[in-house]
Amino acid sequence: MKEIKQFDVVILGGGLAGIYTALCLSPKLHIGLFVKDAIERGSSNLAQGGIAAELSLEAEMLKEHFEDTLKAGAYQNKIEATKILVNEAKKNIDKLLALGVEFDRKEDGTLLSTLEGGHRSRRILHAGGDDTGAHMMKNLREAIFQAKNIDVYEDEMAIELLHNENKALGVIVINQQNEEVYVLANQIVLATGGIGGIYKKSTNEKIACGDGIAMAFRAGVKIENMEFVQFHPTGFYEEDRIGKTFLISEAVRGEGGILRNIEGVRFMDKYDKERMELAPRDIVSQAIHREMFDTWSDHVYLDVTHLSKEFLMKRFPTIYQHCLANGIDISTKYIPVSPVEHFLCGGITVDENGHTSMDNLYAVGECAYTGVHGANRLASNSLLECIVFGNRIAEDIHQYGTFTKLDVVLPDLVFTHKKYNFKDIRVEIRDVMTKYVFIVRTEENLLLAKKLLTKHYNNLKKIQIFSRYYYETINMVTVALLVIDQALARKESVGCHFRLN
Ligand code: SIN
């Protein structure tokens, strides 16, 4: 007997995109929120710098945020979606405040804001100094656990979409007892995050395996712009560290941090004379990559020794303590940094209301390709994207969603229950992506990566093991191949996709 659950709306993912969408939906709707791990483990919790939002509502100020976003995105952004992103910021920040999020404030009570790369004015709100994500998510989780209409399932992973004639009907979930559950819903929202787990070093948790993107791809949903993988210029460098890398926020450069190569020489003037360290991330990451190559090193330095210890400890308490725990008092010593995978600008193609190419299926947050980031995301626009488009999805569902009892013919899937070990494949995916599909790409390397990973994809497809471990692994290979194929298809260099040939 198959276990079946039914909801009005099912949301996959417990980061900002998923939780905020759930909180914007009417309390009359019965919502199932499924998270494959503990709800605290998503990337939103790790966001440091903040959330970009122009709060003044003056046309000129909004235009500046819009223009900065396009410029950082190498003008590959979708215009309408980008206008929406900027124009609907204030209304959603107000909603966050009403939900109990506490951003940092000046003594007079007005909101504090900071500067980051690519922004021409201080429009980034932050919380807990440099711990914005953790603070925001804590407040929002409290709200979600209080909501009577939202059932939260942690450690339960959706593995396949149920669909018929291009209409989404639900998902198959592996529950905590390792049993299959058929979760039916009138509307399904994918908010499953990014793909950092396919690289050796990422600011994401290793659990970011591109699950929603891979699952949508298997169901024939349109996926675009996967080649635009953003590398954050300043991951904290530790020689042998693999996996989640501590982030040195862009806000550190916003407050005056200077990049120096291994010989102590400031270098950004060679790459962007005007904006220097505050150039957009693609430019800074590519510049660091070049400096590391020219100086035969695997890292550079971020220098904040000209800023006072008191200021650093107050403004960047998390970064200050992390570096100190690693033997670096940043008020007297340079911080070793190197670029690491950070954010996927492409993903599941959606329109301005979050609709994917499949009926009743929405996507939001890092797994979605709204087009607002173009070829390279402007700093701190990602959290903004989650709330603006999460709210639009909720409004769309209120306006057009129909809620009826679903009568679905369940597929006769035969899963194999085996304890196979996929560790070597996962290690190889990360090696291949880091070696051949990193900041600088060539045709030869991309083809080699494709050959190496296609072999694993074909082998994994032959077996269908009922385990989170298996699905994460096949999802990782699937999204890695999507990045490679779309990188091969784009011959020119643009934004964070840099082709040497
Ligand atoms: C940072 O603080 O540098 C990360 C924020 C972002 O990814 O936009």
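Model, not experiment: these values are computed from the prediction.

**Side note on the overall build of the chain**
Summing up its helical and strand segments, the chain has 14 helices and 21 strands in all. Taking 23 Å as the expected radius of gyration for a compact globule of 501 residues, we find that the chain reaches 22 Å, a close match to that expectation. The dimensions of the chain, computed from C-alpha atoms along their principal axes, are 65 × 55 × 40 Å. Across the chain, contacts joining residues at least 24 apart in sequence account for 73% of those joining residues at least 6 apart. In the structure as shown, the chain presents an accessible area of about 19,700 Å², 51% of it carried by carbon and sulfur atoms. Across the chain, the mean location of the 59 positive side-chain charges is 3 Å away from that of the 68 negative side-chain charges.

**Details of the site of the ligand**
Gln48, Gly49, His232, Leu247, Ser249, Glu250, Arg281, His342, Arg377, Ala379 and Ser380 make up every residue found near the ligand. For the ligand, an oxygen atom lies 2.8 Å from a polar atom in the backbone of Gly49. In the environment of the ligand, an oxygen atom lies 2.7 Å from a nitrogen or oxygen atom belonging to the side chain of His232. When the residues that make up the shell around the ligand are grouped by side-chain class, the tally is two nonpolar, six polar and three charged.

**Here's the deal with the sheet that holds strand E17 (residues 347–349)**
Ordered by their spatial adjacency, three strands build an open sheet running E11-E17-E19, and the pairing between neighbours is mixed. For this open sheet the edge positions go to strand E11 (223–224) and strand E19 (368–369), each flanked by a neighbour on one side alone. Pairing of E17 with E19 involves two bridges; the strand directions are parallel. Looking at E19, one finds that Thr349 is bridged to Tyr369. Here helix H6 (residues 211–218) sits on the sheet and contacts E11 and E17; the angle it forms with E17, its principal contact strand, is near 50°.

**A few points about the pattern of salt bridges**
One side chain can pair with another of opposite charge once the charged atoms of both are near each other. Tallying each qualifying case throughout the model produces 38 salt bridges. Of the charged contacts, one joins Glu255 and Arg315 as a salt bridge, the two residues approaching to 3.3 Å between their closest N and O atoms. Of the two residues, Glu255 is situated in the loop between helix H7 (250–254) and strand E14 (258–260) and Arg315 in helix H9 (residues 309–315); the sequence distance between them amounts to 60 residues. Side by side, Glu255 and Arg315 carry an identical accessibility label, which is buried. A salt bridge links Arg426 to Glu472; the shortest N-O distance between them is 2.8 Å. Of this pair, Arg426 sits in helix H12 (residues 423–436) while Glu472 sits in helix H14 (residues 468–489); the two residues are 46 residues apart in sequence, bridging distant segments of the chain.

**Side note on the pairing of strand E2 (residues 31–34)**
Burial of E2 is two-sided: the residues Ile31 and Leu33 facing one way and the residues Gly32 and Phe34 facing the other way are all buried. The pairing of E2 with strand E6 (residues 150–153) spans four bridges and is parallel. Within the sheet, the bridge partner assigned to Phe34 lies in E6 and is Tyr153.

**Remarks on H12**
The first and last C-alpha atoms of H12 sit 20 Å apart over 14 residues, in line with the 20 Å expected at 1.5 Å per residue. Taken together, the buried positions of H12 are Ile425, Arg426, Ile429, Arg430, Val432, Met433 and Tyr436. Contacts from the buried residues of H12 go to helix H13 (443–462) and H14.

**Here's the deal with the sheet that holds strand E4 (residues 113–114)**
Pairing within the open sheet is antiparallel, and its three strands lie in the order E3-E5-E4. Looking at the sheet topology across the chains shown, the edges are occupied by strand E3 (51–52) and E4. As defined by bridge partners, E3 adjoins strand E5 (residues 124–125) across two bridges and the pair is classed as antiparallel. Looking across to E5, one finds that Ile51 is bridged to Leu125.

**So, the environment of Leu85**
On the secondary structure map, Leu85 appears in helix H3 (residues 79–87). As a C-alpha pair, Leu85 and Tyr320 span 235 residues in sequence and 32 Å in three-dimensional space. The contacts of Leu85, once residues within four sequence positions are left out, are Thr69, Val372, Asn381, Leu384, Glu385, Val388 and Phe389.

**Re the environment of Gly128**
Here Gly128 is to be found in the loop between E5 and helix H5 (132–146). C-alpha of Gly128 to C-alpha of Arg315: the two residues are 187 residues apart in sequence and 8.6 Å apart in space. Beyond its immediate stretch of four places on either side in the chain, Gly128 contacts Asp104, His135 and Pro317.

**Observations concerning the packing of aromatic side chains**
Enumeration according to the criterion identifies 14 aromatic pairs in this entry. Measuring from centroid to centroid gives 4.7 Å for Phe231 and Phe438, while their planes differ by 65°, and the two rings are edge-to-face. With Phe231 in strand E12 (residues 229–236) and Phe438 in the loop between H12 and strand E20 (440–441), the pair connects residues that are 207 residues apart, well separated along the chain. For the pair shown, Phe231 and Phe438 are each scored as buried. Judged by centre distance (5.7 Å) and plane angle (55°), the ring pair of Phe422 and Tyr469 falls under tilted. Of this pair, Phe422 sits in the loop between helix H11 (381–400) and H12 while Tyr469 sits in helix H14, and the two are 47 residues apart along the sequence. Tyr469 sits in the partly exposed class, given a relative accessible area of 30%. Through successive ring pairs, a cluster of aromatic residues spans Tyr420, Phe422, Tyr469, Tyr470 and Tyr471. Over the face of the ring belonging to Phe343 we find Arg377, whose NZ or CZ atom lies 4.1 Å from the ring centre.

**Things to note about helix H8 (residues 281–294)**
With 14 residues, H8 extends 20 Å from end C-alpha to end C-alpha; this agrees with the ideal 20 Å at 1.5 Å per step. Burial in H8 covers these residues: Arg281, Asp282, Val284, Ser285, Ala287, Ile288, Glu291 and Met292.

**Brief notes about the nonpolar core**
Formed by 77 residues in total, the largest nonpolar core has its most connected members in Leu190, Ile213 and Met433. A per-element tally of this core places H14 first, with 13 residues. For Leu190, the contacting residues outside a window of four places in its chain are Leu12, Gly212, Met215, Ala216, Ile348, Leu361, Tyr362, Ala363, Val364 and Cys367. Leu16, Ala17, Leu23 and Leu25 belong to the second largest nonpolar core, which has 49 residues in total.

Cut-offs and rules
- Residues numbered from 1 in each chain as written.
- Predicted model: local features only at pLDDT ≥ 70, side-chain atom pairs only at ≥ 80, totals over all residues.
- Heavy atoms only, no water.
- Helix = DSSP H or I, 4+ residues; strand = E, 2+ residues; numbered from the N terminus.
- Rg over C-alpha atoms; globule rule 2.2 N^0.38 Å.
- Contact = heavy atoms within 4.5 Å.
- Areas by Shrake-Rupley, 256 points an atom, 1.4 Å probe, with all protein chains shown as cover.
- Lys, Arg positive; Asp, Glu negative; His and termini not counted.
- Charge placed at Lys NZ, Arg CZ, Asp CG, Glu CD.
- Near = heavy atom within 4 Å.
- Polar contact = N/O pair within 3.5 Å; in protein donor to acceptor, adjacent residues only side chain to side chain.
- Nonpolar A, V, L, I, M, F, W, Y, C, P; charged D, E, K, R; others polar.
- Pairing = 2+ DSSP bridges.
- Axes fitted to C-alpha atoms, helices over the stretch in contact; angles between N-to-C directions.
- Salt bridge = Lys/Arg side-chain N within 4 Å of Asp/Glu carboxyl O.
- Buried < 20%, exposed > 50% of the residue type's maximum accessible area, 1.4 Å probe, protein only.
- Expected span 1.5 Å × (residues − 1).
- Phe/Tyr/Trp six-rings, centres within 6.5 Å; stacked < 30°, edge-to-face > 60°.
- Lys NZ or Arg CZ within 6 Å of the ring centre and 35° of its normal.
- Core = buried A, V, L, I, M, F, W, Y, C linked by side-chain atoms within 4.5 Å.

So yeah, pure geometry; function would need other evidence.
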